[in-house]
Amino acid sequence: KIENLIDIKNLIKFANKKRRTAATDFNERSSRSHAICMLKIKGTHKTTQESKTSTIQLIDLAGSESAKDSGAAKGIALQEASKINQSLLYLAKVIDSVRNKSMHINYRDSQLTSLLMPSIERSAKIMMMVHLNPAKAQIVQTVSSAKFAQSTNETQIKK
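Residues numbered from 1 in each chain as written. Predicted model: local features only at pLDDT ≥ 70, side-chain atom pairs only at ≥ 80, totals over all residues. Heavy atoms only, no water.

Novice: Which residues make up a nonpolar patch on the surface, and what values do they have?
Specialist: On the surface, a nonpolar cluster with roughly 560 Å² of combined accessible area is contributed by I2, L5, I8, L11, I12 and F14. As for its position among the elements, I2 is in the segment before α1 (5-18). In this structure I2 comes out as partly exposed when scored by relative accessible area, which is 43%. (Patch = residues over 30% accessible without salt bridge, like charges linked within 9 Å, V, L, I, M, F, W, Y side chains within 5 Å. Areas by Shrake-Rupley, 256 points an atom, 1.4 Å probe, with all protein chains shown as cover. Salt bridge = Lys/Arg side-chain N within 4 Å of Asp/Glu carboxyl O. Helix = DSSP H or I, 4+ residues; strand = E, 2+ residues; numbered from the N terminus. Buried < 20%, exposed > 50% of the residue type's maximum accessible area, 1.4 Å probe, protein only.)

Novice: Quick one: what's the story with the environment of S51, residue by residue and with numbers?
Specialist: Within the secondary structure, S51 sits in strand β4 (residues 51-60). Residue class for S51 comes out partly exposed when judged on its relative accessible area of 38%. In contact with S51, other than residues within four places in its own chain, are K42, G43 and T44. (Contact = heavy atoms within 4.5 Å.)

Novice: Which residues make up the layout of surface pockets, and what are the values?
Specialist: In this structure, the second largest pocket encloses a volume near 950 Å³. Around the second largest pocket, the lining is made up of 31 residues, and of these R19, H34, A35, I36 and C37 lie nearest the centre. Grouping the constituent residues of the lining of the second largest pocket by class yields 17 nonpolar, seven polar and seven charged. (1 Å grid on protein atoms, 1.4 Å probe; cavity = no way out; pocket = protein on both sides within 12 Å on 5 of 7 lines; lining within 4 Å. Points joined across faces, edges and corners; volume = space filled by probe spheres on them. Nonpolar A, V, L, I, M, F, W, Y, C, P; charged D, E, K, R; others polar.)

Novice: Break down the pattern of salt bridges for me, citing the residues and quoting the values.
Specialist: Opposite charge on two side chains lets them pair, provided their charged atoms get close. Scanning all chains against the criterion turns up two salt bridges. The salt bridge involving K52 is made with E50; its shortest N-O contact spans 3.8 Å. The exposure class assigned to E50 is partly exposed, which follows from its relative accessible area of 48%. Salt-bridge contacts for D96 lead to R99; the nearest nitrogen and oxygen are separated by 2.1 Å. You can see D96 and its partner R99 sitting in helix α3 (residues 75-99), three residues apart, about one turn around the helix. By relative accessible area, D96 is classed as partly exposed at 32%.

Novice: Account for unusual backbone geometry, naming residues and giving values.
Specialist: The phi angle at Q49 is positive, at roughly 65°, despite the residue not being glycine. By the secondary structure assignment, Q49 is in the loop between β3 (35-44) and β4. When its relative accessible area of 53% is taken as the criterion, Q49 is described as exposed. Of note, the phi angle at K101 is positive, near 55°, even though the residue is not glycine. Relative to the assigned elements, K101 resides in the loop between α3 and α4 (111-121).

Novice: I'd like to hear about helix α5 (residues 139-153), residue by residue, with values.
Specialist: In this model α5 runs 21 Å from its N-terminal to its C-terminal C-alpha over 15 residues, within 8% of the 21 Å that 1.5 Å per residue would give. Among the residues of α5, those classed as buried are T142, S145 and T152. All buried residues of α5 fall inside an arc of 95° around its axis, so they share one side. Set apart from the buried face of α5 by more than 90 degrees, the exposed residues are V140 and K147. (Expected span 1.5 Å × (residues − 1). Arc of directions from axis to C-beta.)

Novice: Help me get a handle on the packing of α3 against α4, residues and values and all.
Specialist: Closest axis-to-axis distance for the α3/α4 pair is 10 Å, and the angle between their directions is 30°. The pairing of α3 with α4 is recorded here as roughly parallel in orientation. In the packing of α3 onto α4, the handedness of the crossing is right-handed. In this structure, α3 uses S87, Y90, L91, V94 and V98 to contact α4, whose residues at the interface are L112, T113, L116 and I120. (Axes fitted to C-alpha atoms, helices over the stretch in contact; angles between N-to-C directions. Parallel < 35°, antiparallel > 145°, perpendicular 65-115°, else oblique. Left-handed = near helix turned anticlockwise from the far one by under 90°.)

Novice: Lay out the nonpolar core with the relevant residues and their values.
Specialist: Core analysis: the largest hydrophobic core is formed by nine residues, namely L91, V94, I95, V98, I105, Y107, L112, L116 and I120. Elements supplying a minimum of two residues to this core: α3 and α4. Tallying contributions element by element places α3 first for this core, with four residues. Residues contacting L91, with those up to four places away along its chain left out, are L61, L112, T113, L116 and F148. (Core = buried A, V, L, I, M, F, W, Y, C linked by side-chain atoms within 4.5 Å.)

Below you can see the structure in the form of structure tokens.
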């Protein structure tokens, strides 16, 4: 439960300790994990005592950079890059399944898609922001990110 600003600050400190970042050839503080913040909000009407509950998910996806190009092609960095790219691939598959109105959508392939399932299954409103790197050396990654954003933008979830 969050009762005040101090609770929020403590929660952010806790979350930042769990977030993994590392330097790569592309970024001095590259996200090596996804950050997911789920807020459950309950409101009660003062007069009618009717209550509603809603969930807001704020998700910062780690980037899908090429392990070879980013200098993360060995050891722990390679394992992290592989897991990041794999979870983003599973997310793309889920989005494709939703867009194609597939009878079965496999949310269980990754923790990310499992966590997102309630929002995708219901009539959630989803907003995505994608960081595009303006550097010429990053054109391949920028185009890939833009295509991912475009394909997800064309997806309609249930009404």
